[in-house]
Each structure stands twice: as structure tokens, then as C-alpha cells.
Amino acid sequence: MKRKYISQAIGNISEKYVNEAAVYTGETKVVHRTGWMKWGAVAACLVLATVLGIGVFQGSLFSSKEQIATLDNGDKIYFIQSDAGMGNLDIAVPIETRDLTEGECEMLFHEMPVAAHAIFNAEDGSMIGLEGKVDDIRLIVSASNGMIRDTVIEGEENISEVDGVLVHAGYFTNNKNAIYYAAFRLGESTVYVEHAGAKEDGETIKNELSSIIQNLIALGDVDFSQILKELP
Amino acid sequence: MVSRLNDSKIIELFYARSEQAIIELSQKYGAICTKVAGNILNDRRDTEECVNDAYLGVWNTVPPQKPDPLPSYLCRIVRNLAIKKYHTNTAAKRNSMYDVALDELENCFPASNAVEDTFQAVETARMIDAFLETLDKKRRILFVRRYWYSDSITDIAHLFQISNHAVSVRLARIRAKLKKYLIEKGVSI
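All figures in this text were calculated on a predicted structure; none of them were measured in a lab.

Draft legend 1. Quick peek at the confidence of the model for chain A. All names here are of chain A. Counting all residues, the mean pLDDT for chain A is 73, and 72% of those residues have values of 70 or more. Ranking the helices and strands of chain A by mean pLDDT puts helix α2 (residues 15-23) first, with 91, and helix α3 (residues 35-52) last, with 36. Between residues 150-155, whose pLDDT stays under 50, and residues either more than four places distant or in other chains, the model counts 29 contacts.

What follows is the structure, given as C-alpha cells:
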């Protein structure tokens with residue numbers, strides 16, 4: 001009987017919503033990578049670099065040493081080879097951390113297998129961000145503007161667009177290992193992801209990271225308002 | 001590209017009692033009607049019958065009615081007929097898109113004894129309307145395509161050009177919001 005009631009309730013929603021969905025035929029996303037778009041992308045990239053405090057770009061931005069991951073929705077993520085190493089967490093204020101509960105992880109990331117700890121400003125209790133993992137992929141999310149890494153992405157980047165969100169991605173290798181990384185904005189938050197492994201597994205690492213990027217973007221804006229320093 | 005009559009012209013044909021009205025209606029909205037009925041009935045013959053009954057339903061009600069917008073009017077007739085047929089069918093239950101979509105929503109709604117009350121269902125529909133108003137257009141359409149039209153995850157992913165997983169995640173998030181919204185409005189879950 002409950003199912004009949006639900007069906008009736010849904011069936012009685014306003015005409016305007018039924019019609020809105022009836023006539024919706026999808027959106028065609030056309031990304032022209034023309035000259036000015038490239039320069040626009042460079043400009044946007046530099047703006048984000050400035051905001052995030054990223055280091056100087058080195059070498060050619062549109063390097064031929066570019067690896068591309070094509071997502072199942074047709075979007076592409078461009079990973080540019082870099083010589084730089086990654087930075088570490090660098091937070092200038094006293095902090096306190098605690099593990100996020102399963103419920104909190106589910107609230108923030110739904111079905112994604114995230115384990116993370118939240119980082120709070122010890123002085124005023126405000127949330128700075130979180131650090132954790134999605135499976136084997138490192139995840140850092142800042143709670144608001146500003147980033148909790150000293151060097152988010154050092155080296156070269158290209159700009160990609162995934163579901164309308166700009167993604168800055170790169171990779172570097174040494175003798176044995178490959179590390180892929182990317183940063184993007186979700187609302188007020190900046191998300192940084194990093195995936196590393198054996199060099200010969202580079203393709204898999206790249207694709208796994210790209211899939212996680214897509215899934216994180218699909219979640220939409222990150223809402224930290226329910227995450228408090230003290231567990232409820 | 002095939003040009004179709006606009007809806008007001010189709011309505012004029014119905015008013016003129018021209019059989020061309022049904023042909024135009026079918027050419028313009030046959031695909032979506034078949035999808036709505038098919039998602040619920042999961043049977044080609046039942047679906048065809050249901051869609052034809054819906055055309056007849058429009059023929060019998062226009063005039064005096066002058067539906068605007070026409071597609072939602074027609075789709076609602078199709079959906080109501082399909083659900084009626086679904087309940088009268090004894091076999092092949094719980095395997096359609098309609099069932100799957102209802103399964104997903106079940107946790108969002110109250111389990112009270114009075115849930116069979118049609119009036120209460122209409123009241124809840126108004127709450128869902130208010131909730132849908134809080135969503136952006138894309139998420140609203142996503143929700144309606146899934147739970148009103150019973151579209152499959154794959155069809156929705158194709159429509160929005162996103163992955164199946166992205167659709168599932170977005171729907172889960174919307175359902176969580178709906179549940180929270182209904183609780184805030186005093187609906188006991």
C-alpha cells in the first residue's frame with residue numbers, strides 16, 4: 001500500500017515539472033579548443049594558480065608530453081608531465097583532527113569508499129578541510145577558499161573540463177613510479193586528488209584517478225556545514 | 001528534419017474532430033508515451049495498448065478540455081492507464097523500471113497506516129512540488145525523469161551525457177535531501 005501511495009504522490013506533482021522533463025532533450029556540450037579558448041584556458045589557469053598559491057608554470061603549458069583520459073561522458077582530462085615533486089600539508093595555524101565517521105563520509109561522498117579525517121582550526125573550531133583516501137587515491141578537500149597544501153600542483157598543467165568543472169591535472173614519473181594528480185573547485189571547496197603506483201601501471205592509475213575525479217564532480221558542491229569539531 | 005505541428009494546431013484538430021489529430025499526436029509524442037508506458041509495464045503489447053488508449057483518452061476529453069501544456073497532459077493519461085494496467089496484471093510484477101524507481105523512493109516516505117489516503121498523497125505531492133522548486137533545473141528533471149517517468153539510469157545518463165554512476169550518486173543525494181525535507185515538514189518517516 002505504501003508503494004501505491006508513493007506512486008500516487010509522485011504522480012500528482014505539478015504539470016509544470018512533468019512538462020519540463022518531457023520536453024528536455026539534453027544538452028549538447030561543445031568545447032571548441034580554438035586559439036582564443038586556449039588563451040582563455042591559460043588565463044583561467046593562471047587565475048586559479050594565483051588564488052591557490054601555486055608555483056610558477058615551468059616549460060611549455062601545452063607540452064607534447066600530455067596524457068589524456070577520456071571519460072565515459074566524452075569529457076577529457078589532460079595530464080601534463082611535470083618534473084616537480086609534490087608538496088606536503090602546510091597549515092599555518094594550530095590544528096586538531098578527528099576521523100570522520102562512516103555516516104559523515106556517506107553524507108559527504110555517498111557511495112564513494114572514502115576514509116578521511118577532518119582538520120579543524122584548534123583556536124576557533126572552524127573546519128579547515130579534510131584529508132583521506134578514496135580507495136588508494138589520496139584526497140584533500142579544503143573547506144573554503146585557500147588550500148591546505150603548501151604546493152598544490154608544482155610544474156606544468158593543462159586545463160580540462162569535466163561536467164562543466166575546470167580541472168587542472170598533471171603527472172610525473174621517476175625510475176619506478178608514476179604519480180598523477182589534479183585539483184578542481186567544487187563550490188567553496190578546492191579538491192586535490194593524487195594517485196601513485198608503479199610506472200608500468202601508469203595507464204590504470206591515470207584512468208582510476210580520472211574516474212574518481214568524475215565521481216567527485218558528480219557529487220556537486222561539498223557541504224561541510226554538518227561536520228563539527230566535537231562529535232555530536 | 002521532420003517538421004511537426006505545434007501543440008495548439010494539434011488541439012485545433014481535436015476540436016475539429018479530425019482523425020489527423022491522433023496521427024499528429026502520435027507522431028510528435030508517440031516515443032515518449034511508449035517510454036512512459038513501457039517503463040511501467042515492461043511488455044510491448046500492453047504498452048502499445050496503453051498508448052492507444054491514451055490517445056483515445058485525449059480524443060474523448062479534448063474538447064472540452066484544452067490542455068496546455070499538451071505533453072504532460074498526455075503523459076499523465078499514459079502513466080495513469082499504465083499503472084492501472086500494471087495493478088490488474090497478475091504476472092510479471094516487480095521487474096519493471098517503475099518497480100525499481102519505487103523501491104528507491106520507499107525509504108523517503110512515511111510508513112503510517114493512513115498512507116492509502118488519496119487526499120494525503122495529493123498533499124504529499126504538493127510538498128514534493130515545493131521540494132522540487134528548491135532544486136536546480138537539471139536535478140529537478142533528473143528526479144522527475146526517474147520517478148515520474150520511471151526512466152532507467154542508463155537512459156538518464158544518456159540524456160544528461162554523464163555516467164550511470166553519476167546519475168545514481170545524484171539521485172541518492174536528491175533522495176537524501178527529499179527525506180530531510182519531508183521530515184522537516186512534519187512527515188513521519
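Draft legend 2. Spatial organisation of unusual backbone geometry. All names here are of chain B. A cis amide bond, omega -15 degrees, links V62 with the succeeding residue P63. Within the element layout of this structure, P63 appears in the loop between α3 (44-61) and α4 (70-88). With an omega dihedral of 10 degrees, the bond running from P63 to P64 counts as a cis peptide bond. Tracing the chain through its elements places P64 in the loop between α3 and α4. Even without being a glycine, S150 presents a positive backbone phi close to 55 degrees. On the accessibility criterion, S150 (1% relative accessible area) is buried.

Draft legend 3. Just the interface of chain B and chain A, in detail. Each side of the interface is counted separately: chain B has 56 residues, and chain A has 42 residues. For the chain B and chain A pair, buried surface summed over both sides reaches about 4,500 Å², with 56% attributable to carbon and sulfur atoms. Of all residues in chain B, R76(B), Q161(B) and R173(B) bury the most surface against chain A, accounting for 14% of the area lost on that side. The interface formed by chain B and chain A holds four salt bridges in total. Put simply, chain B and chain A have 22 residue pairs in polar contact (both at pLDDT 80 or more) between them.

Draft legend 4. Broad picture of the nonpolar core. Counting residues in each nonpolar core, the largest one holds 71 residues, and the members touching the most others are F109(B), F143(B) and Y149(B). Setting aside its immediate chain neighbours within four residues, Y149(B) contacts V18(A), A21(A), A22(A), I32(B), V36(B), N39(B), C75(B) and V144(B). Formed by 43 residues, the second largest nonpolar core is a distinct cluster that contains L100(A), V165(A), A182(A) and I212(A).

Draft legend 5. Highlighting the side chain of D151(B). Residue and element names in this part refer to chain B. Inspection of the secondary structure assignment puts D151 in the loop between α7 (137-147) and α8 (153-160). A distance of 2.7 Å separates polar atoms of two side chains, one belonging to D151 and the other to R145. When sequence neighbours within four positions are dropped, the list of residues in contact with D151 reads K35, N39, R145, R146 and I156.

Draft legend 6. Just the pairing of strand β4 (residues 114-121) of chain A, in detail. Residue and element names in this part refer to chain A. Of all eight residues that make up β4, six are buried, and the element is covered over most of its length. Taken together, the five bridges between strand β3 (residues 95-99) and β4 define a ladder with antiparallel strand orientation. The residue bridging T97 from the neighbouring strand is I119, located in β4. Across seven bridges, β4 lies against strand β5 (residues 127-134) in antiparallel orientation. If you follow H117 over to β5, its bridge partner there is E131. From the end of β4 to the start of β5, which pair antiparallel, there are five residues, and G125 there has a positive phi angle of about 80 degrees.

Draft legend 7. Geometry of the environment of L100(A). All names here are of chain A. In this fold, L100 is placed in the loop between β3 and α4 (102-109). Linking L100 and V114, residues 14 residues apart in sequence, is a C-alpha distance of 9.5 Å. Other than its neighbours up to four places away in sequence, L100 contacts C105, L108, A116, H117, A118, L130 and I227.

Draft legend 8. Region of interest: the side chain of N39(B). All names here are of chain B. Note on placement: N39 falls in helix α2 (residues 20-41). Here N39 falls in the buried class, since its relative accessible area comes to 9%. Discounting chain neighbours no more than four positions away, the residues touching N39 are S96, M97, Y98, Y149, S150 and D151.

Draft legend 9. Inspection of the pairing of β5(A) at higher detail. Residue and element names in this part refer to chain A. Most of β5 sits inside the fold, with seven of its eight residues counted as buried. Bridging between β5 and strand β6 (residues 137-142) involves six bridges; their strand directions are antiparallel. The partner of V134 across the bridge, within β6, is I137.

Draft legend 10. Highlighting a negative patch on the surface. A surface patch of negative charge is lined by D135(A), D136(A), E200(A), D201(A) and E208(A). Position of D136(A) relative to the elements: it lies in the loop between β5 and β6.

Draft legend 11. Summary view of the pattern of salt bridges. Considering all chains together, one arrives at 19 salt bridges over all chains under this definition. Note that E203(A) and K206(A) form a salt bridge whose closest N and O atoms lie 3.3 Å from each other. Of this pair, E203(A) and K206(A) both sit in helix α5 (residues 202-219), three residues apart, which is roughly one turn of the helix. Residue E203(A) is classed as partly exposed on the basis of its relative accessible area, which comes to 46%. Between R139(B) and D136(B) there is a salt bridge; the shortest N-O distance is 3.0 Å.

Rules and cut-offs
Residues numbered from 1 in each chain as written. Chains lettered and ligands numbered in written order. Predicted model: local features only at pLDDT ≥ 70, side-chain atom pairs only at ≥ 80, totals over all residues. Heavy atoms only, no water. pLDDT = per-residue confidence, 0-100. Helix = DSSP H or I, 4+ residues; strand = E, 2+ residues; numbered from the N terminus. Contact = heavy atoms within 4.5 Å. Buried < 20%, exposed > 50% of the residue type's maximum accessible area, 1.4 Å probe, protein only. Buried area = accessible area lost by both parts, 1.4 Å probe. Salt bridge = Lys/Arg side-chain N within 4 Å of Asp/Glu carboxyl O. Polar contact = N/O pair within 3.5 Å; in protein donor to acceptor, adjacent residues only side chain to side chain. Core = buried A, V, L, I, M, F, W, Y, C linked by side-chain atoms within 4.5 Å. Pairing = 2+ DSSP bridges. Patch = residues over 30% accessible without salt bridge, like charges linked within 9 Å, V, L, I, M, F, W, Y side chains within 5 Å. Areas by Shrake-Rupley, 256 points an atom, 1.4 Å probe, with all protein chains shown as cover. Lys, Arg positive; Asp, Glu negative; His and termini not counted. Charge placed at Lys NZ, Arg CZ, Asp CG, Glu CD.

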